[in-house]
There are 2 protein chains.
Amino acid sequence: MLKDVVRTKSYQNVIYQNKFLFKDKVVLDVGAGTGILSLFCAKAGAAHVYAVECSQMANMAKQIVEANGFSNVITVLKGKIEEIELPVTKVDIIISEWMGYFLLFENMLNTVLYARDKWLVDDGIVLPDKASLYLTAIEDAEYKDDKIEFWNNVYGFDMSCIKKQAMMEPLVDTVDQNQIVTNCQLLKTMDISKMGPGDASFTAPFKLVAQRNDYIHALVAYFDVTFTKCHKLMGFSTGPKSRATHWKQTVLYLEDVLTICEGEAISGSLTVAPNKKNPRDVDIMLKYSLQGRHSAISRIQYYKMR
Amino acid sequence: MLKDVVRTKSYQNVIYQNKFLFKDKVVLDVGAGTGILSLFCAKAGAAHVYAVECSQMANMAKQIVEANGFSNVITVLKGKIEEIELPVTKVDIIISEWMGYFLLFENMLNTVLYARDKWLVDDGIVLPDKASLYLTAIEDAEYKDDKIEFWNNVYGFDMSCIKKQAMMEPLVDTVDQNQIVTNCQLLKTMDISKMGPGDASFTAPFKLVAQRNDYIHALVAYFDVTFTKCHKLMGFSTGPKSRATHWKQTVLYLEDVLTICEGEAISGSLTVAPNKKNPRDVDIMLKYSLQGRHSAISRIQYYKMR
């Protein structure tokens with residue numbers, strides 16, 4: 001994950017270019033992993049950093065902190081945020097890299113919100129503090145054939161029952177920006193400094209207008225995160241027009257191939273919620289309709305990320 | 001996995017080009033997955049195929065068998081080989097695709113051997129019936145830097161304690177055949193029709209002779225499987241000189257970079273055994289020595305696949 005340069009460099013730039021935020025402040029790093037964000041904060045002048053990590057990696061983080069001479073600034077705590085105790089009453093800054101695929105798949109957002117409510121001072125800051133989900137539509141004839149239609153004839157056999165299942169699973173993959181047929185629409189912005197856990201469930205309307213005559217095989221979701229407390233706005237995008245990250249994009253294949261002309265729109269709504277049985281899974285409901293010259297299609301499709 | 005063409009096509013060719021093996025025979029497919037091998041066997045004229053699959057995929061396999069009109073020939077049984085009952089006393093053929101990375105990582109070999117001892121007639125056949133593990137040595141300056149030396153300086157911090165751990169984990173990756181510096185040596189051949197479960201633990205000597213002046217950064221292991229009961233010998237290799245499969249190759253990085261001249265040899269032995277605590281992990285011990293013009297290096301390195 002450290003090798004995702006966009007991700008790690010973005011955090012590094014945010015921290016090193018905004019030392020005024022960290023000078024003499026107490027920082028809580030939620031899900032610290034190797035401790036890289038804590039090291040950035042320590043180097044930027046934080047008074048103290050508490051690096052909380054529940055996996056075995058905490059042991060490595062301790063060694064790394066020591067090897068780099070930051071034992072007096074960074075305290076690695078092995079455990080869950082919900083269970084650890086800090087030797088301070090409050091922290092000034094919470095930093096975390098909590099985002100999952102599709103922003104919300106297997107994410108650590110609730111842990112960050114819990115930490116915020118329990119440990120952050122009233123005027124404290126959360127880094128990053130904004131996360132936004134976007135939607136666009138792509139042409140993907142070649143790939144859909146490869147991934148979905150493949151099941152119609154597998155070495156001479158009909159396995160189309162697997163196709164139905166494959167259709168319902170969002171595909172995490174890199175989309176070429178030349179495949180984008182419509183505008184990219186903002187679905188939802190989350191304010192991490194204010195939101196409650198329930199705000200990660202939502203229904204957002206969308207209207208995607210074709211910028212050329214083409215076919216639509218899939219809708220594509222992606223997110224960006226921003227750090228609005230920086231001297232100037234900083235952040236990064238995981239969209240198809242930006243440099244690739246390990247989050248790639250999330251492809252939702254449509255049952256129908258939509259024939260769309262420039263100026264025509266796909267309208268609908270996307271509903272996102274954690275699965276009730278397994279809250280780490282994400283249920284996605286897509287309602288859409290196309291009023292085009294060639295067809296009038298309305299459909300509801302369900303997806304599950306797991 | 002079906003999309004691994006080398007793998008699936010090899011089984012398909014073995015079955016379709018050797019129908020004489022299957023005609024009127026009873027077949028047991030161990031770990032049937034989607035049922036693809038069972039379908040091949042049914043189409044090749046098997047009297048009956050029992051497709052045993054313990055995952056949820058068994059339900060899909062049942063639908064697929066029905067959709068393709070083979071319900072009267074293929075019976076899908078959901079369960080473990082050790083627990084299911086067959087309505088016959090013995091089977092004539094056991095077919096399985098049981099191989100894991102490095103042949104033996106998270107493999108189903110023991111399940112196949114169990115099925116063989118319990119269900120196969122005395123003169124029955126196992127497909128495939130031979131599996132061989134090979135070793136060679138590669139130059140990999142660029143990649144080793146990327147994967148291993150990376151940890152020396154991670155965004156300005158010393159994380160070399162992670163490097164030690166990274167060194168001990170065999171890397172499953174595709175090696176370019178131009179990186180190969182020495183001969184490729186056979187370490188071990190397993191006869192699936194005769195071997196016992198203990199035969200998957202072994203120590204094999206090797207001698208790798210350099211074919212050019214170069215540096216050695218890693219040893220590379222790979223396997224092939226063969227079907228010796230075919231009219232002519234058939235099988236496939238997962239080596240760097242063959243078409244890539246999902247098994248790729250297994251790279252064991254060396255702590256030292258060896259400077260080797262054409263004709264010089266790396267000699268040693270490779271010991272392979274399931275981990276005692278978790279038998280699905282594989283412990284690998286590599287002993288090697290190089291008596292070259294530039295250096296004399298002897299070392300023992302331990303690896304664990306998990």
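Just so we're clear, the structure is a prediction, and the values are computed from it rather than from any experiment.

**Remarks on the packing of helix H7 (residues 160–167) of chain A against helix H4 (residues 57–67) of chain B**
Consideration 1: Two numbers describe how H7(A) lies on H4(B): the axes approach to 8 Å, and their chain directions differ by 135°. One way to sum up the angle between H7(A) and H4(B) is to call them oblique. For the pair H7(A) and H4(B), the contacting residues are Cys161(A), Ile162(A) and Gln165(A) in the first and Met57(B), Met60(B), Gln63(B) and Ile64(B) in the second.
Consideration 2: Residue composition of the contact of H7(A) with H4(B), grouped by class: five nonpolar, two polar and no charged.

**Comments concerning the side chain of Asp256(A)**
Residues and elements named next belong to chain A.
Consideration 1: Along the chain, the position of Asp256 falls in strand E12 (residues 249–260).
Consideration 2: Side-chain polar atoms of Asp256 contact the side chain of Arg299, separated by 2.6 Å.
Consideration 3: If we ignore the near neighbours within four places in the chain, the residues touching Asp256 are Lys144, Ile216, Tyr288, Ile297 and Arg299.

**As for the interface of chain A and chain B**
Accessible area lost on assembly of the parts is the figure often given for the size of an interface.
Consideration 1: The partner chain B presents 32 residues to the 32 residues of chain A that form the contact.
Consideration 2: When chain A packs against chain B, the two sides together hide about 2600 Å² of surface, and 72% of this comes from carbon and sulfur.
Consideration 3: Its largest share of buried area at the contact with chain B, chain A owes to Lys3(A), Tyr155(A) and Phe157(A), together 29% of the area lost on that side.
Consideration 4: Scanning the region where chain A abuts chain B turns up zero salt bridges.
Consideration 5: Here chain A is connected to chain B by six residue pairs in polar contact (both at pLDDT 80 or more).
Consideration 6: When contributions to the side of chain A that touches chain B are tallied by element, the ones reaching two or more residues are helix H1 (5–16), helix H3 (36–43), helix H4 (57–67), helix H6 (141–147) and H7 of chain A.
Consideration 7: In terms of residue class, the side of chain A that touches chain B is built from 19 nonpolar, six polar and seven charged.

**Considering the sheet that holds strand E2 (residues 48–53) of chain B**
Residues and elements named next belong to chain B.
Consideration 1: A sheet is described by the order of its strands in space; here five strands give the open sequence E3-E2-E1-E4-E5, paired in parallel fashion. Where the open sheet ends on each side, the last strands, each with one partner, are strand E3 (74–78) and strand E5 (120–127). Strand after strand, the sheet turns through a mean of 20° between neighbouring axes, direction not considered.
Consideration 2: Two elements, strand E4 (residues 91–96) and E5, share four bridges in a ladder whose sense is parallel. Note that in E5 the partner of Ile95 across the bridge is Leu127.

**Examining the relation of the copies chain A and chain B**
Consideration 1: Mapping chain A onto chain B calls for a screw motion: a turn of 180° about the axis and a shift of 0.0 Å along it, with 0.0 Å RMSD after fitting. In short, the pair behaves as if placed about a two-fold rotation axis. Among all residues of chain A, the one whose C-alpha sits closest to the rotation axis is Asp173(A), at a distance of 9.8 Å.
Consideration 2: Mapped onto chain B, 100% of the interface residues of chain A are again interface residues, and the two copies thus contact each other with one and the same surface.

**A short note on helix H3 (residues 36–43) of chain B**
Residues and elements named next belong to chain B.
Consideration 1: In terms of burial, H3 is a largely internal element, seven of the eight residues being buried.
Consideration 2: Looking only at H3, the buried set comprises Ile36, Leu37, Ser38, Leu39, Phe40, Cys41 and Ala42.
Consideration 3: Gly45 lies just past H3 and shows a positive phi near 105°.

**Re the pattern of salt bridges**
Residue and element names in this part refer to chain A.
Consideration 1: Evaluated as defined, the whole model comprises 16 salt bridges over all chains.
Consideration 2: The salt bridge involving Glu149 is made with Lys163; its shortest N-O contact spans 3.2 Å. With a gap of 14 residues between them, Glu149 in the loop between H6 and H7 and Lys163 in helix H7 connect regions that are remote in the sequence.
Consideration 3: Judged by its relative accessible area of 26%, Glu149 is partly exposed.

**Considering the sheet that holds strand E1 (residues 26–30) of chain A**
Residues and elements named next belong to chain A.
Consideration 1: The strand order across the open sheet built from five strands is E3-E2-E1-E4-E5, with neighbouring strands paired in parallel fashion. The sheet is open, and its two borders are formed by strand E3 (74–78) and strand E5 (120–127), each paired with just one other strand. Each strand axis lies, on average, 20° off the axis of its neighbour in the sheet, ignoring direction.
Consideration 2: Judged from the four bridges that link them, E1 and strand E4 (residues 91–96) form a sheet pairing that is parallel. Pairing of Leu28 across the sheet is with Ile94, part of E4.
Consideration 3: Most of the contacts of H3 go to strand E2 (residues 48–53), to which it runs at about 180°, and overall it touches E1, E2, E3 and E4.
Consideration 4: Across the sheet, helix H5 (residues 109–119) touches E1, E4 and E5, and the angle it forms with E5 is around 155°.

**Observations concerning the confidence of the model for chain A**
Consideration 1: When pLDDT is averaged along chain A, the result is 95, and 99% of the positions lie at 70 or above.
Consideration 2: Reported confidences for the modelled complex are a pTM of 0.90 and an ipTM of 0.90.

**Some words on the domain arrangement of chain A**
Residue and element names in this part refer to chain A.
Consideration 1: When cut into domains, chain A gives domain 1 (5–97) and domain 2 (131–305).
Consideration 2: Just the C-alpha atoms count here: the centres of domain 1 and domain 2 sit 34 Å apart.
Consideration 3: Domain 1 puts 12 residues into the contact, and the matching count from domain 2 is 12 residues.
Consideration 4: For the pairing of domain 1 and domain 2, the buried interface totals around 980 Å² over both sides, and the portion due to carbon and sulfur atoms is 78%.
Consideration 5: Inspection of the domain 1/domain 2 interface yields zero salt bridges.
Consideration 6: Put simply, domain 1 and domain 2 have one residue pair in polar contact (both at pLDDT 80 or more) between them.
Consideration 7: Contributing elements (two or more residues each) for the side of domain 1 that touches domain 2: H1 and helix H2 (19–22).
Consideration 8: In terms of residues, the side of domain 1 that touches domain 2 owes the most to one element, H1, which gives seven residues.
Consideration 9: Grouping the amino acids of the side of domain 1 that touches domain 2 by side-chain chemistry returns six nonpolar, four polar and two charged.

Basis of the calculations
Residues numbered from 1 in each chain as written. Chains lettered and ligands numbered in written order. Predicted model: local features only at pLDDT ≥ 70, side-chain atom pairs only at ≥ 80, totals over all residues. Heavy atoms only, no water. Axes fitted to C-alpha atoms, helices over the stretch in contact; angles between N-to-C directions. Helix = DSSP H or I, 4+ residues; strand = E, 2+ residues; numbered from the N terminus. Parallel < 35°, antiparallel > 145°, perpendicular 65-115°, else oblique. Contact = heavy atoms within 4.5 Å. Nonpolar A, V, L, I, M, F, W, Y, C, P; charged D, E, K, R; others polar. Polar contact = N/O pair within 3.5 Å; in protein donor to acceptor, adjacent residues only side chain to side chain. Buried area = accessible area lost by both parts, 1.4 Å probe. Salt bridge = Lys/Arg side-chain N within 4 Å of Asp/Glu carboxyl O. Pairing = 2+ DSSP bridges. Least-squares fit on C-alpha atoms with pLDDT ≥ 70 in both. Buried < 20%, exposed > 50% of the residue type's maximum accessible area, 1.4 Å probe, protein only. pLDDT = per-residue confidence, 0-100. Domains from an automatic or database assignment.

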